[in-house]
Amino acid sequence: MGIHHKTLIIGGGNAGLSVAARLRRAGQRDIAVLEPNDKHYYQPLWTLVGGGRAPQKESVRDQASVMPKGVAWIRDAATGIDPEARLVTTASGVEVTYDYLVVAPGIQLDWDRIPGMAEAVESPAASSNFRYDLAPKTWDLIRGMRSGTAVFTMPAGPIKCAGAPQKIAYLAADYWREQGVLDDIRIVMVLPTPGLFGVKAFADELERVVAKYGIEVRKSSEMTAVDPAAQEVVITDHATGTQETLHYDMLHTVPPQSAPDWLKATPLADPKNPAGYVEVDKHTLQHTRYPNVFALGDAGSTPNSKTGAAIRKQAPVLVENLLAVMEGQPADARYSGYGSCPLTTARNRMLLAEFDYSLQPAPSIPLIDTTRERWDMWLLKRYVLPFMYWRLILPGRA
């Protein structure tokens, strides 16, 4: 069984739907989105769900309700790509051929790469906001804690929303401060990076936040094993090679991440990167070897932070370049590497970290110092960004 579409988009998340909507608005008529899930999630809200600052139901809608009108929805999962034959195979055995391909299947959560992690998040004392069903459990653990040790971990390598492992630690600490129990709780945050953030201006502000809450930070370190029965984690310091074992009363953990396994096995994957991301030019988002293929979002090889804000800047560039290629013109539009990490530093404060490939601040809001935690930026995170996502970004208007 075979299907053909002029433009095939793999993935019906933020990236795929943003591109589909923009292509429709540009007058393209033959577009298909390959997406197996019947629910669509606004994942940035899961941190607030886990921190008790937003209801879980606000983060999910039916996929059918956000699919752009006039776009064909193939309710199936991609399992392979043959770029020479311009062919995508699916889990149900369908073969979809295309003239142009946009690859945006998102990122894979590799729960099994750290021994004990998959079992830990199913146990009573551990959770992860990187799963929709577990975010409310995180809040239950935070609310129920009055003393002991809370451990918050982040894996090495690129992950979606790299600030999320820190955000939940700050939300929890601020709640415990409000409850008057912060002094009775030891908070340990494990980060694989040498600093709290890759941009100095924001790292300096986060150092003040960490000091305010009395958080112990293990830099250049990673949780390399967890024993959920004993409630212990093994932390490896990659700078010194030493290990320590910590008992926890609460654990919030984040899995290592990579491109989907099926994508790693395709010719589109970057042969120099074992994580298997689609090899694209970091400015044009066009594949380096197959000019009719583009990629954006978490599965692309661009070295920016994997955030929804990056997709917001990538989508118009990709669409402009794809339309140019369709007309036989060069792909001249450029993506600067812009990314944004809205870091919740308290239950009513946020630090809006905006930056580009140069790792310098790249503020988009005039006359506001976004290098400091602010109450108005909290309102942006909680109310404005979700509104923009559902009403402007997914429909291709922003």
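Note: the structure precedes this text.
Quick look at the structure, then. (Residues numbered from 1 in each chain as written. Predicted model: local features only at pLDDT ≥ 70, side-chain atom pairs only at ≥ 80, totals over all residues. Heavy atoms only, no water.)

### Brief notes about the overall build of the protein chain
Selection rule: Only runs of H or I of at least four residues qualify as helices and only runs of E of at least two qualify as strands under DSSP, and these elements are numbered from the N terminus. The globule rule used here is 2.2 Å times the number of residues to the 0.38 power, and the radius of gyration it is set against is calculated over C-alpha atoms. Each residue gets one of three labels from its accessible area relative to the maximum for its type: buried under 20%, exposed over 50%, partly exposed in between, using a 1.4 Å probe on protein chains only. We call two residues in contact whenever any of their non-hydrogen atoms come within 4.5 Å of each other. Every accessible area reported is derived by Shrake-Rupley at a probe size of 1.4 Å, with residue values counting cover from the shown protein chains alone.
Along the backbone of the protein chain there are ten helices and 21 strands. Computed over its C-alpha atoms, the radius of gyration of the protein chain comes to 21 Å, within 12% of the 21 Å expected for a compact globule of 398 residues. Oriented by its inertia axes, the alpha-carbon framework of the protein chain measures out at about 65 × 50 × 40 Å. The buried share of the protein chain, taken over its 398 residues, is 57%. Long-range pairs, those at least 24 residues apart, make up 62% of the contacts in the protein chain between residues at least 6 apart in sequence. With an accessible surface of roughly 15,900 Å², the protein chain has 51% of that area assigned to carbon and sulfur atoms.

### Side note on empty space enclosed by the protein
Using the following cut-off: Site definitions follow a grid-based scheme: protein atoms alone, a 1 Å grid, a 1.4 Å probe that fits but cannot get out for cavities, and for pockets an open set with protein on both sides within 12 Å along at least five of seven lines, plus lining residues having an atom within 4 Å of a point. Grid points are joined across faces, edges and corners, and a volume is the space filled by probe spheres set on the points. Nonpolar residues are Ala, Val, Leu, Ile, Met, Phe, Trp, Tyr, Cys and Pro. Charged residues are Asp, Glu, Lys and Arg, and all others, Gly as well, are polar.
Under the criterion given, the structure shown has one cavity of 30 Å³ or more. Volume-wise, the largest cavity comes out at about 40 Å³. For the largest cavity, the full set of lining residues is G297, D298, G300, T302, N304, S305, K306, T307, A310, I311 and Q314. For the lining of the largest cavity, a count of residues per class yields two nonpolar, seven polar and two charged.

### With respect to the packing of helix α5 (residues 135-144) against helix α6 (residues 164-179)
The cut-off we apply is this: An axis is simply a line fitted to the C-alpha atoms; with a helix, the fit covers only the stretch in contact. Between two such axes, the angle follows the N-to-C directions and lies from 0 to 180 degrees. Helix crossings get a hand from a simple test, with the near helix turned counterclockwise from the far one by less than a right angle marking a left-handed crossing and a clockwise turn marking a right-handed one.
As a packed pair, α5 and α6 sit with axes 10 Å apart at the nearest point and diverge in direction by 35°. Crossing of α5 against α6: the hand is right-handed. Of the residues in α6, those touching α5 at T138, W139, I142 and R143 are I168, A172, Y175 and W176. Per-class residue counts for the contact of α5 with α6 are six nonpolar, one polar and one charged.

### With respect to the pattern of salt bridges
For clarity, the cut-off: By salt bridge we mean one thing: a side-chain nitrogen of Lys or Arg within 4 Å of a carboxyl oxygen of Asp or Glu.
All chains considered together, the criterion is met by 21 salt bridges. For D133, the salt bridge is made with R131, and the minimal N-O distance between the two is 2.7 Å. Judged by its relative accessible area of 48%, D133 falls in the partly exposed class. Here E205 ties to R208 by a salt bridge, and the two come within 2.7 Å at their closest N and O atoms. Remark: R208 and E205 occur in helix α7 (residues 200-213); sequence separation between them is three residues, near one turn of the helix. Classification of E205 as buried rests on a relative accessible area of 5%.

### Considering the sheet that holds strand β10 (residues 126-127)
Filter applied, for reference: At least two bridges found by DSSP between two strands are what make those strands a pair.
Pairing is parallel in the open sheet, where five strands are placed in the order β10-β17-β11-β12-β13. The open sheet has two edge strands, β10 and β13 (216-218), and neither has a second partner. With two bridges joining them, β10 and strand β17 (residues 250-252) adopt parallel strand pairing. Bridge assignment links S127 to a residue of β17, and that residue is H252. With respect to the sheet, α6 is in contact with β11 (148-153), β12 (185-190) and β17, its orientation differing from that of β11 by roughly 155°.

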